[in-house]
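Architecture and fold: a report
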Amino acid sequence: MNSAPKQKLIWLVLIAVIIAIPLVAGSYVVGVMCFIAIFGGLAVSMGLLLEQAGMFSLAHPTWFGLGGYVSGILAIRGIAPPWLGSIIGVVFVGLISYAIGAPLLRLRGYYLACATFGLLLIVEISLAQLGSLTGGHEGLIGVPPLSIGGFVLETDVHYYYLSWALCLACLWFLYNLMGSRMGRAIKSFSDSEVAAKSMGINVPGYKLKVFILTAVMASLTGSVYTFYLRFTQPGIFGFPLLVQLMTMVIIGGGKTIYGPLLGGFVVIWLKELIHMYLGEVLPRMSAQVDALFFGVLIIVILIFMPGGLSGWMDRLLYLGRRTLGKTSG
């Protein structure tokens, strides 16, 4: 089977499975899968930035939080309906990421990581201190449900389909992006900026485009997350979320587009299983157990599967095709 029909078949099977899950599973599974779609989509955009483009930016929770706060504040105050507030949040985050990215992206490696981590701390502290606007440490309470064209999304199933539609749209867009001229430019300067510049590629321009694009995707997922919970808080978008996203990218593998989504699926379900079976045995150590378990898992992944689960799966598929080819020959 050619690659194009095979990819279409994979997409159709994936969409069919996602559509069927709420029809056969309970509300608990639907809720967990909704979080997987939201955080998986966020991790996918971060994986593109870190692994595909080679830009060590740690500002992703910032864009996630700003998108949620802007859309939530506009909806609570009646300035804009929720769907329009989400679009305004995307525009706001796009402008902020452009203004900040233009000077920050001159930095590389750990310098860029330190600068964007500082941005994360500044935004988190600012959201906590602006109590009259953001609700302060108590958070933004009373966010109305998301409504689109008069249809109000109130149940877990509604947000399940919305979050997975957004997640799959991001995947599809990024697959097409990496196969385009811009994607080839991203791969070239990720391998060597000097070689990319010698071929006439505008490396600073492409870096800024990728930075803004991934920030916009994070803003959209942040808006969906805020309207789903109908609540948001500065602590949600801080260092713990950054660690969780990094864990998803490492475990899933950022060298493939779908790897961070696979990592999100594994991480979130493992956390649920840990809390379910160890919560009663170790009720006072749930956070410590999470950190211990995932710390060991990350070490094992980095030693034995440096490409993550997706890289390991790709190698298995390659070996399977090679074995079948020798057998048929």
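Residues numbered from 1 in each chain as written. Predicted model: local features only at pLDDT ≥ 70, side-chain atom pairs only at ≥ 80, totals over all residues. Heavy atoms only, no water.

In this section: the overall build of the chain. For the chain, the count of helices and strands is 14 helices and four strands. For the chain, whose C-alpha radius of gyration is 20 Å, the value lies close to the compact-globule estimate of 20 Å for 329 residues. Taken along the three principal axes of its C-alpha coordinates, the chain extends 70 × 50 × 45 Å. Looking at the chain as a whole, 46% of its 329 residues are labelled buried. In the form shown here, the chain has an accessible surface area of approximately 16700 Å², with 70% of it arising from carbon and sulfur atoms. If the 19 positive side-chain charges of the chain are averaged to one point and the 11 negative ones to another, these points end up 17 Å apart. (Helix = DSSP H or I, 4+ residues; strand = E, 2+ residues; numbered from the N terminus. Rg over C-alpha atoms; globule rule 2.2 N^0.38 Å. Buried < 20%, exposed > 50% of the residue type's maximum accessible area, 1.4 Å probe, protein only. Areas by Shrake-Rupley, 256 points an atom, 1.4 Å probe, with all protein chains shown as cover. Lys, Arg positive; Asp, Glu negative; His and termini not counted. Charge placed at Lys NZ, Arg CZ, Asp CG, Glu CD.)

Our next topic: helix α5 (residues 109-129). At 3.6 residues per turn, the α-helix brings residues three or four places apart onto the same side. Taking 1.5 Å of rise per residue, the 21 residues of α5 would be expected to cover 30 Å, and the 31 Å separating its terminal C-alpha atoms lies within 8% of that figure. Regarding α5, the residues found buried are Leu112, Ala113, Thr116, Leu119, Leu120, Val123, Leu127 and Ala128. Buried residues along α5 cover an arc of 165° about the axis, so they all sit on one side. Facing away from the buried side of α5 by more than 90 degrees, the exposed set consists of Tyr110, Tyr111, Cys114, Ile122, Ile125 and Gln129. (Expected span 1.5 Å × (residues − 1). Arc of directions from axis to C-beta.)

Using the criterion set out here, one finds zero disulfides in the structure. Free of any disulfide, Cys167 has its nearest neighbouring cysteine sulfur in Cys170, separated by 6.7 Å. Relative accessible area serves as the criterion here: at 3%, Cys167 is assigned to the buried category. (Disulfide = S-S within 2.5 Å.)

What follows deals with the environment of Gly149. Secondary-structure assignment places Gly149 in the loop between β2 (147-148) and β3 (151-152). Judged by its relative accessible area of 80%, Gly149 falls in the exposed class. The spatial distance from the C-alpha of Gly149 to the C-alpha of Trp83 is 8.8 Å, given a sequence separation of 66 residues.

Moving on: unusual backbone geometry. Of note, Arg230 is a non-glycine position whose phi angle comes to about 60°, a positive value. Structurally, Arg230 is set in the loop between α10 (203-229) and β4 (231-232). Take Arg230: its relative accessible area is 42%, and that puts it in the partly exposed class.

As a packed pair, helix α8 (residues 181-191) and α10 sit with axes 10 Å apart at the nearest point and diverge in direction by 110°. Classified by the angle between their axes, α8 and α10 sit roughly perpendicular to one another. As α8 packs across α10, the resulting crossing turns out to be left-handed. Contact with α8, carried on its side by Arg181, Met182, Ala185, Ile186 and Phe189, involves Val203, Tyr206, Lys207, Lys209 and Val210 of α10 and no other residues of that element. A breakdown of the residues in the contact of α8 with α10 according to their chemical character gives seven nonpolar, no polar and three charged. (Axes fitted to C-alpha atoms, helices over the stretch in contact; angles between N-to-C directions. Parallel < 35°, antiparallel > 145°, perpendicular 65-115°, else oblique. Left-handed = near helix turned anticlockwise from the far one by under 90°. Contact = heavy atoms within 4.5 Å. Nonpolar A, V, L, I, M, F, W, Y, C, P; charged D, E, K, R; others polar.)

Quick look at a nonpolar patch on the surface now. Taken together, Trp83, Leu84, Ile87, Ile88, Val91, Leu95 and Ile148 make up a surface patch of nonpolar side chains, about 610 Å² in accessible area. Looking at the nonpolar patch, the element that brings in the most residues is helix α4 (residues 82-104), giving six residues. Counting through the fold element by element, Leu95 comes out in helix α4. Owing to a relative accessible area of 57%, Leu95 belongs among the exposed residues under this scheme. (Patch = residues over 30% accessible without salt bridge, like charges linked within 9 Å, V, L, I, M, F, W, Y side chains within 5 Å. Salt bridge = Lys/Arg side-chain N within 4 Å of Asp/Glu carboxyl O.)

Next up on the list: the domain arrangement of the chain. On domain assignment, one finds that the chain holds domain 1 (23-237) and domain 2 (238-329). Taken together, the contact pairs 35 residues of domain 1 with 22 residues of domain 2. Contact between domain 1 and domain 2 buries roughly 2400 Å² in total, counting both sides, with carbon and sulfur atoms accounting for 80%. Linking domain 1 with domain 2 are one salt bridge, by the criterion used here. Linking Lys255 and Glu51 is a salt bridge whose minimum nitrogen-to-oxygen distance equals 3.7 Å. The interface formed by domain 1 and domain 2 contains three residue pairs in polar contact (both at pLDDT 80 or more). Every element with two or more residues in the side of domain 1 that touches domain 2 is listed here: α2 (27-52), α3 (60-76), α5 and α7 (156-178). (Domains from an automatic or database assignment. Buried area = accessible area lost by both parts, 1.4 Å probe. Polar contact = N/O pair within 3.5 Å; in protein donor to acceptor, adjacent residues only side chain to side chain.)

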